[in-house]
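Below, each chain spelled out in residue letters.
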Amino acid sequence: LAPFPVAGSGKGPAFAGHMHGSPGITMMKPTFKLLIAVALACGSAPALALQLGQIRVKSALDEPLVAEIPIQLDNLTEAKGLSVSLASPADFARAGLSRAGVEGLHFSVIADSTGHKLVLVTSDQPIGDPYLDFLVQVDTSKGKQLREYTVLLDPVIASPTPPEQVEPAQVPAA
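Residues numbered from 1 in each chain as written. Predicted model: local features only at pLDDT ≥ 70, side-chain atom pairs only at ≥ 80, totals over all residues. Heavy atoms only, no water.

(A) Expanded view of the overall build of the protein. Within the protein, the regular secondary structure consists of 2 helices and 8 strands. Along the protein, helices (α) and strands (β) appear in the sequence α-β-β-β-β-α-β-β-β-β when read from the amino end. Taking all 174 residues of the protein together, 25% fall into the buried category. In the protein, of all internal contacts separated by at least 6 residues, the share reaching a separation of at least 24 is 51%. (Helix = DSSP H or I, 4+ residues; strand = E, 2+ residues; numbered from the N terminus. Buried < 20%, exposed > 50% of the residue type's maximum accessible area, 1.4 Å probe, protein only. Contact = heavy atoms within 4.5 Å.)

Right, dumping it as structure tokens:
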């Protein structure tokens, strides 16, 4: 087997750039690369402006669901017009998920004690399935964002009753 051609070796096309008059690919100038990088960064920044964190479950199996999802906002104007809901049946189908068992979930945007925004996920009815997989839709002025969450609910474990405290018998003083 012949070795790969080396740019500028005169043997084969110059893969690293246009060299010695060969008809190879011309290298991009550094300033053009920088312009493309800046354009890509600016174009993708709005999509990354709002981020949903990891879900924190506050309830157990056979209890109504109570969970929190932290919201990271780059600026407070993003909080205006922010709405959170269960994704549409079409979005669930595209993701290969079933809405069965999660239709009763409610979503609201609240602030915690420190002022940070959270999505509060609740249900009116107790959740009997230890495994929930659902798709959250966040609508902002900049568009729609979807995120899948998987929740594992632990059963309520009754705390063991503390052993009875027995007072030591008083021995009369002689």
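From this point, things continue past the structure.
(B) View of the sheet that holds strand β4 (residues 83-86). Across the sheet, which stays open at both edges, the 3 strands sit in the order β4-β7-β8 with antiparallel pairing between neighbours. This sheet does not close on itself; its edge strands, each paired only once, are β4 and β8 (143-152). Averaged over all pairs of adjacent strands, the angle between their axes in this sheet comes to 25°, without regard to strand direction. Two elements, strand β7 (residues 131-140) and β8, share 10 bridges in a ladder whose sense is antiparallel. Residue V136 lies in a different strand from β8, and its bridge partner there is R147. (Pairing = 2+ DSSP bridges. Axes fitted to C-alpha atoms, helices over the stretch in contact; angles between N-to-C directions.)

(C) Quick peek at the pattern of salt bridges. All chains considered together, the criterion is met by 4 salt bridges. For E68, the salt bridge identified is with K58, shortest N-O distance 3.9 Å. Of this pair, E68 sits in strand β3 (residues 64-73) while K58 sits in the loop between β2 (56-57) and β3, placing them 10 residues apart in sequence. Overall, E68 belongs to the buried group, its relative accessible area being 18%. (Salt bridge = Lys/Arg side-chain N within 4 Å of Asp/Glu carboxyl O.)

(D) Molecular detail of unusual backbone geometry. Unlike most non-glycine residues, D62 shows phi in positive territory, near 65°. Relative to the helices and strands, D62 is located in the loop between β2 and β3. On the accessibility criterion, D62 (54% relative accessible area) is exposed.

(E) Main features of the nonpolar core. Counting 28 residues, the largest nonpolar core has L52, F107, V121, F134 and V136 as the members making the most contacts within it. When contributions to this core are tallied by element, the ones reaching two or more residues are β1 (50-52), β3, β4, β5 (105-111), β6 (117-126), β7 and β8. Top element by residues in this core is β7. It accounts for 5 residues. Excluding residues that lie within four positions of it along the chain, F107 makes contacts with V84, S85, L86, V119, L120, V121, F134 and V136. (Core = buried A, V, L, I, M, F, W, Y, C linked by side-chain atoms within 4.5 Å.)

(F) How the structure looks around the packing of aromatic side chains. One pass over the structure, following the stated rule, counts 2 aromatic pairs. The ring of F92 carries the charged tip of R99 above its face, separated from the ring centre by 5.5 Å. (Phe/Tyr/Trp six-rings, centres within 6.5 Å; stacked < 30°, edge-to-face > 60°. Lys NZ or Arg CZ within 6 Å of the ring centre and 35° of its normal.)

(G) A look at the environment of L82. Assignment of secondary structure puts L82 in the loop between β3 and β4. Considered as a pair, L82 and T140 are 58 residues apart in the sequence and their alpha carbons are 4.9 Å apart. In this view, L82 contacts L50, I71, V109, V138, D139 and T140; residues no more than four positions away in its chain are not counted.

(H) Summary view of the confidence of the model for the protein. Looking at the protein, pLDDT values average 77 and 60% of them are 70 or higher. Within the model, pLDDT remains below 50 along residues 12-19, and this stretch shows 20 contacts once partners closer than five positions in the same chain are excluded. Contacts of residues 43-48 to residues separated by more than four positions or lying in other chains number 2 contacts, the stretch itself having pLDDT below 50. (pLDDT = per-residue confidence, 0-100.)

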